[in-house]
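# Fold and geometry: a report
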Amino acid sequence: MLRRPLAHWVLAAAAIARALVAATSVPESNTAEPASRWRHLALYTRDTFVVDAQGNPFFWQGDTAWELFHRLNRSEVVHYLDDRKAKGFNVIMTVAIPELNVTAPNRYGELPLVDLDPTKPNPEYFANVDWCIDRATERGMRVAIARLFRFRFSSSLPRLDTLTCPTGWHGPPILFNATNAAVYGEWFGRRYAGLPKIVGADSDRWWPTNITAYNVARAKNAGQATDVGGIGRLPFADTGDVWEAL
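Since this is a predicted model, take the numbers as computed values, not measurements. (Residues numbered from 1 in each chain as written. Predicted model: local features only at pLDDT ≥ 70, side-chain atom pairs only at ≥ 80, totals over all residues. Heavy atoms only, no water.)

This part takes up the overall build of the protein. Helix and strand counts for the protein stand at seven helices and eight strands. A burial count over the protein gives 48% of its 246 residues as buried. Restricting to contacts in the protein with at least 6 residues of sequence separation, those with at least 24 account for 73%. Carbon and sulfur atoms make up 53% of the accessible area of the protein, which amounts to about 12,000 Å² in all. (Helix = DSSP H or I, 4+ residues; strand = E, 2+ residues; numbered from the N terminus. Buried < 20%, exposed > 50% of the residue type's maximum accessible area, 1.4 Å probe, protein only. Contact = heavy atoms within 4.5 Å. Areas by Shrake-Rupley, 256 points an atom, 1.4 Å probe, with all protein chains shown as cover.)

With that out of the way, let us pick up the side chain of Arg 135. Residue position: Arg 135 is located in helix H4 (residues 123–138). The buried category is assigned to Arg 135, whose relative accessible area is 16%. Side chain to side chain, Arg 135 and Glu 138 meet in a polar contact 2.6 Å long. (Polar contact = N/O pair within 3.5 Å; in protein donor to acceptor, adjacent residues only side chain to side chain.)

Relative to the 20 Å expected for 14 residues at 1.5 Å per residue, helix H5 (residues 178–191) spans 20 Å between its end C-alpha atoms, a close match to the ideal helical length. Three or more residues of H5 are buried, namely Asn 180, Ala 181, Tyr 184, Gly 185, Trp 187 and Phe 188. Summarising the axial view, the buried residues of H5 lie within an arc of 165 degrees, below the 170-degree limit, and thus occupy one face. Exposed residues on H5 whose side chains face more than 90 degrees from its buried face are Thr 179, Glu 186 and Arg 190. Among the structural elements, H4, strand E5 (142–146), strand E6 (197–198) and helix H7 (240–245) are those in contact with the buried residues of H5. (Expected span 1.5 Å × (residues − 1). Arc of directions from axis to C-beta.)

A word on the packing of aromatic side chains. Per the counting criterion, the structure on display carries 10 aromatic pairs. Residues Phe 126 and Trp 187 carry aromatic rings whose centres are separated by 4.9 Å and whose planes lie at 75 degrees to one another, so their mutual orientation is edge-to-face. Taken together, the residues Phe 126 in helix H4 and Trp 187 in helix H5 connect sequence positions 61 residues apart. Each member of the pair Phe 126 and Trp 187 is classed as buried. Grouping aromatic residues by their ring pairs yields a cluster made of Trp 38, Tyr 125, Phe 126, Phe 176, Tyr 184, Trp 187, Phe 188 and Tyr 192. When the ring centre of Tyr 108 is taken as origin, the NZ or CZ atom of Arg 74, which lies over that ring, is 5.9 Å away. A cation over an aromatic ring shows up here: Arg 135 above the ring of Trp 131, its NZ or CZ 4.8 Å from the ring centre. (Phe/Tyr/Trp six-rings, centres within 6.5 Å; stacked < 30°, edge-to-face > 60°. Lys NZ or Arg CZ within 6 Å of the ring centre and 35° of its normal.)

This brings us to the nonpolar core. Residues Phe 69 and Tyr 184 are the most contacted members of the largest nonpolar core, which totals 34 residues. Elements with a minimum of two residues in this core: helix H2 (68–71), helix H3 (74–86), H4, E5, H5 and H7. If you tally residues by element for this core, the top one is H4, at six residues. Contact partners of Phe 69, with chain neighbours within four places excluded, come to Thr 94, Val 95, Ala 96, Asn 106, Tyr 125, Asn 128, Val 129, Cys 132, Ile 133, Val 143 and Ile 145. Among the nonpolar cores identified, the runner-up in size contains 12 residues, and Val 50, Phe 58, Trp 66 and Ala 144 belong to it. (Core = buried A, V, L, I, M, F, W, Y, C linked by side-chain atoms within 4.5 Å.)

Now for unusual backbone geometry. For Asp 47, which is not glycine, the phi torsion reads 60 degrees and is therefore positive. Given the relative accessible area of 67%, Asp 47 is considered exposed.

Attention shifts here to the environment of Arg 147. Structurally, Arg 147 is set in the loop between E5 and H5. Arg 147 sits 42 residues away from Gly 189 along the chain, and the two C-alpha atoms are 9.1 Å apart. Residues in contact with Arg 147, not counting those within four places in the same chain, are Val 95, Ala 96, Ile 97, Tyr 184, Gly 185, Phe 188, Lys 197, Ile 198 and Leu 246.

On to the pairing of strand E4 (residues 91–95). It is a general feature of regular strands that their side chains alternate between the two faces of the sheet. Within E4, five of the five residues are buried, which leaves the element mostly enclosed by the surrounding structure. A two-sided burial pattern is seen for E4, the buried positions comprising Val 91, Met 93 and Val 95 on one face and Ile 92 and Thr 94 on the other. Sheet topology note: the E4/E5 ladder contains five bridges and is parallel. Considered in E5, the bridge of Thr 94 is made with Ile 145. Following the backbone out of E4, through H4 and into the adjacent parallel E5, one traces a crossover that is right-handed. (Pairing = 2+ DSSP bridges. Right-handed = clockwise from strand over helix to strand, strands pointing away.)

What follows covers H4. Between its terminal C-alpha atoms H4 stretches 22 Å, which fits the 22 Å expected from 16 residues at 1.5 Å a residue. Listed in full, the buried residues belonging to H4 are Tyr 125, Phe 126, Asn 128, Val 129, Asp 130, Cys 132, Ile 133, Asp 134, Arg 135 and Ala 136. The secondary structure elements touched by the buried residues of H4 are H2, H3, E5 and H5.

Structure follows, in structure tokens:
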């Protein structure tokens, strides 16, 4: 059993951007560009900063809307995007598979996965995701998209569903393991090539195996300069195999 605290990242702005952007160096030719219709939105790293496909520096002014695809209807999406555009945001950070209730449909009655199977993305659900991305693009904003929140992870190092955290942070079901995550991740990367990808979504690879004990310790640490709650002494599992598969 691994005993490691959750990582609390405190990064410089350039490092945050590099963590969020699925990027390489600026391509020498068009052959390296993404294949999707959002390829012109691709971002890249150059030295310690981010640039667009033309090599111009890009300042990441982002807002989070994790449940954008899941809880809003299309008129509400347009209202939200217009508001954020007026406030100067140029990136909307969201997640494809909902954080809180993966068994509840979106506003149009569609679930993200057929039979809750990560190897079977629901075409109707993701058609609405595409629609939302297009509306943001029309307003000059990029959508930075996470494949999923890690609350739906199981791991082989060890498997979380055999520990004292059998159902993840927000309850069942746990859907992803290293095998089906690889299938979903490859599909997702092809479909949304060109869009910045978020890796993590409020989390990292280390996952507390006892959520109750972790929350008690975190409450004790509130406002404290040291780990008085003992988070560092709690058992954590490593879900790195699923992250790498995605």
